[in-house]
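Listed here are the chains, written in short residue letters.
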Amino acid sequence: MGIKYWEFEDAPLKEKLKAVNVKDISKVFFDNETEAYRFSLLLLEAKKKGQLRLKDVPESVPIATAKRYLDYAVQIGLLKHENSAYSLTDRYTKPFRNIAIYIKAWMDSTSEEDLNIQFANARVERQSKRGGRKAAEGNGIGEATQQ
């Protein structure tokens, strides 16, 4: 995700709110221009029509691709999928506010945390080398080419 926090601080956000567009939303989720365009197109169609069915997807976007993007929008909370139609929903406002409150509370807390207990199943040791060049014997400088 490409959330550039400085774009959403108070002053820049006030400027952005004067001319809102779907491009800024799509660029948060997709760095690729084509993916962002397709995602924007589908979100805009859902907004214009109130709800979007797969059979009503614009010709420029293949149905399978549209389904993948629309399902992704449902997964991240921009759309809801009911009665074979996708429509806008607002599942972001409250959860993001709660995440911000939780992060702030964590920053302010002074309790000790043990990551080994919290992440009991995590691999903490370094991985062994799985490929690449073999280490040359000796000091490794120029010896690999001399024979």
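Relevant structure appears above.
Computed from a predicted structure; not experimentally measured.

Draft legend 1. Spotlight on the packing of helix 3 (residues 33-49) against helix 4 (residues 63-76). Axis separation between helix 3 and helix 4 bottoms out at 10 Å; the angle between their running directions is 75 degrees. Overall, the two elements helix 3 and helix 4 adopt an arrangement that is roughly perpendicular. Residue-level inspection shows Glu 35, Arg 38, Phe 39, Leu 42 and Leu 43 of helix 3 in contact with helix 4, the latter providing Thr 65, Ala 66, Tyr 69, Leu 70, Tyr 72, Ala 73 and Ile 76.

Draft legend 2. Summary view of unusual backbone geometry. Positive phi values are uncommon outside glycine, yet Asn 83 reaches one of about 55 degrees. Non-glycine residue Ser 84 carries a positive phi angle of around 60 degrees. Here Ser 84 is to be found in the loop between strand 1 (79-82) and strand 2 (85-88).

Draft legend 3. Spatial organisation of the packing of aromatic side chains. All chains considered together, the criterion is met by seven aromatic pairs. The interplanar angle of 65 degrees and the centroid separation of 6.1 Å between the aromatic rings of Phe 29 and Phe 39 together place this pair among those described as edge-to-face. Of the two residues, Phe 29 is situated in helix 2 (residues 22-29) and Phe 39 in helix 3; the sequence distance between them amounts to 10 residues. For the pair formed by Phe 29 and Phe 39, the shared burial category is buried.

Parameters and conventions
Residues numbered from 1 in each chain as written. Predicted model: local features only at pLDDT ≥ 70, side-chain atom pairs only at ≥ 80, totals over all residues. Heavy atoms only, no water. Axes fitted to C-alpha atoms, helices over the stretch in contact; angles between N-to-C directions. Helix = DSSP H or I, 4+ residues; strand = E, 2+ residues; numbered from the N terminus. Parallel < 35°, antiparallel > 145°, perpendicular 65-115°, else oblique. Contact = heavy atoms within 4.5 Å. Phe/Tyr/Trp six-rings, centres within 6.5 Å; stacked < 30°, edge-to-face > 60°. Buried < 20%, exposed > 50% of the residue type's maximum accessible area, 1.4 Å probe, protein only.

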